[in-house]
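Take a look at the letters that make up each chain.
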Amino acid sequence: MPLFHAGERIRVLDLGKAGHVRIPAYVRGHVGTVVQFCGVFLNPEDLAIGNAGGCVVGCYRVEFLQTDLWTDYSEYPDDTLVTEIYEHWMEPAHG
Amino acid sequence: MRGYHDIGGSLSGPIPRTELPWLDWEKRVEAIRNLLGDSTRRVISLDEMRRGFESFGPEKYRTLSFYRRRLEAMIDILEEKGVLTRAELAAAVENSVQEPGET
Amino acid sequence: MAERDTTDPCPLPLRTAYTAQEALVVEDDAGNAEAARITTILEGILVTKGLLAKGEADQEIEKIETPGLHLGARLVARAWVDPDFKNRLLADGKLAAAELGMKVGEAQLVVVENTPDVHNLIVCTLCSCYPRSILGQPPSWYISKTYRSRAVREPRTVLHEFGLDIPEAVRVRVHDSNADMRYLVLPMPPAETVGRHEIDLAGLVSRDMLIGTAVLQR
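Residues numbered from 1 in each chain as written. Chains lettered and ligands numbered in written order. Predicted model: local features only at pLDDT ≥ 70, side-chain atom pairs only at ≥ 80, totals over all residues. Heavy atoms only, no water.

**Student:** Would you take a moment to explain the packing of helix α4 (residues 69–81) of chain C against helix α5 (residues 83–91) of chain C for this structure?
**Tutor:** Two measures define how a pair of helices packs: the angle their axes make with one another and the distance between the axes. Residue and element names in this part refer to chain C. Close contact between α4 and α5 brings their axes to 5 Å; oriented N to C, the two are set at 130°. Between α4 and α5, the interaxial angle falls into the category oblique. In the crossing of α4 with α5, the sense of the turn from one axis to the other is left-handed. Residue-level contacts link Leu-75, Arg-78, Ala-79 and Val-81 of α4 to Pro-83, Phe-85, Lys-86 and Leu-89 of α5. When the residues that make up the contact of α4 with α5 are grouped by side-chain class, the tally is six nonpolar, no polar and two charged. (Axes fitted to C-alpha atoms, helices over the stretch in contact; angles between N-to-C directions. Helix = DSSP H or I, 4+ residues; strand = E, 2+ residues; numbered from the N terminus. Parallel < 35°, antiparallel > 145°, perpendicular 65-115°, else oblique. Left-handed = near helix turned anticlockwise from the far one by under 90°. Contact = heavy atoms within 4.5 Å. Nonpolar A, V, L, I, M, F, W, Y, C, P; charged D, E, K, R; others polar.)

Dropping the structure here:
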């Protein structure tokens, strides 16, 4: 059962992890809406150091308002950005 | 903690529009990585190659071309895995230069 | 450096300006010759060590040269004439592509539909993820550092530079392909598709439409 569902508001955590991560810096700490659950995958953070023995992690497409992500994006308030976030980088956000 | 490759939103400047040809050596780099990463070998995954160019340093990242970055990352990972050493590769390249008639 | 916003956990610095040469490093002849030599020698060592078979890389090169615009255009043309196929394509791109004999090598193909309300744009900020098993290798501009960086932050300005101005009433939706999904834009069809042959419709599709930096003139 995926932890998060389409339409749910989540916050991207900033795990302060060194090494290979696939969560771009510009979305960390921001709140977005889950678009869809993409399935489970081996964690690229582990695969990058040759460790294929860990547990799978859920992956979700999450949508953000551009005006939330960038302080200088003001003219088009409906524009959005969607990117893929792994479950361990997400927590529920309220409001 | 932001990798030097993690450039979303942090650069300005022109987007070059000249379309470059895809050269044989570049295709070969991709082909070799695909083969080494296949299910019968699993010597270099895409994730490992990415970790390779994300950790070989900002100077290389800034100055090397796209496929050269992948080639260098692949060599680093192969050395890490004990497949070859840079010294061995360099020696083989040196020998090939000295004997121009051979490949 | 701009002042850090202490309420923002990920404060953004002022942007660094890149030249075209820095955005896309192009090898000169000597650089290409050197890289070609190293690659050939590397292949030889890997063959000696039994990790590659002789000639195997050449065969793999033929494989990776095969996909291209023609495959993406076929998917689009079929979706334009067959609404049920379109729905299947939007639900599961990999499965739908398999119906047309196309094997998507990546984990999943997500097809995003342009509508009168939404224009989609694809980028990979972290490297150069692209649906290579369908479209082949990405264009040089797609892998440039300035496209990777600017497409997420100022998509409309980037699109303007590509000659595409998106009206205010249309939402721009950028997809940063940072993990295992790969993306293809389904462009809006021509005004009339009834009675038009799929092959002709496929001929209308350009690679840039599938990334989102161009649209069909309707």
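Having put the structure on the table, let's press on.
**Student:** Help me understand the interface of chain B and chain A in this model?
**Tutor:** Often, the extent of an interface is quoted as the loss of accessible area upon association of its parts. If you look at the interface, chain B gives eleven residues, while chain A gives 16 residues. Both faces combined, the contact of chain B with chain A buries some 1100 Å², and carbon together with sulfur accounts for 50% of it. Across the contact surface, chain B and chain A share one salt bridge. For B:Asp6, the salt bridge identified is with A:Arg28, shortest N-O distance 3.6 Å. Across the chain B-chain A interface, the total number found is three residue pairs in polar contact (both at pLDDT 80 or more). The residue makeup of the side of chain B that touches chain A, split by class, is one nonpolar, three polar and seven charged. (Buried area = accessible area lost by both parts, 1.4 Å probe. Salt bridge = Lys/Arg side-chain N within 4 Å of Asp/Glu carboxyl O. Polar contact = N/O pair within 3.5 Å; in protein donor to acceptor, adjacent residues only side chain to side chain.)

**Student:** Even after reading the chapter, I still don't get the nonpolar core, so can you show me in this structure?
**Tutor:** The nonpolar side chains of a soluble globular protein tend to be buried, and buried together. One finds B:Leu36, B:Leu78, C:Leu42, C:Leu46, C:Leu75, C:Tyr142 and C:Tyr147 to be the most contacted residues of the largest nonpolar core, which totals 117 residues. Per-element accounting of this core gives the leading share, eight residues, to helix α4 (residues 66–80) of chain B. No fewer than three residues from each of domain 1 (1–65) and domain 2 (67–211) of chain C sit in this core. Once you skip the residues sitting within four places of it in the chain, C:Tyr142 turns out to touch C:Ile122, C:Val123, C:Cys124, C:Ser128, C:Cys129, C:Tyr130, C:Tyr147, C:Arg148 and C:Ile211. (Core = buried A, V, L, I, M, F, W, Y, C linked by side-chain atoms within 4.5 Å. Buried < 20%, exposed > 50% of the residue type's maximum accessible area, 1.4 Å probe, protein only. Domains from an automatic or database assignment.)

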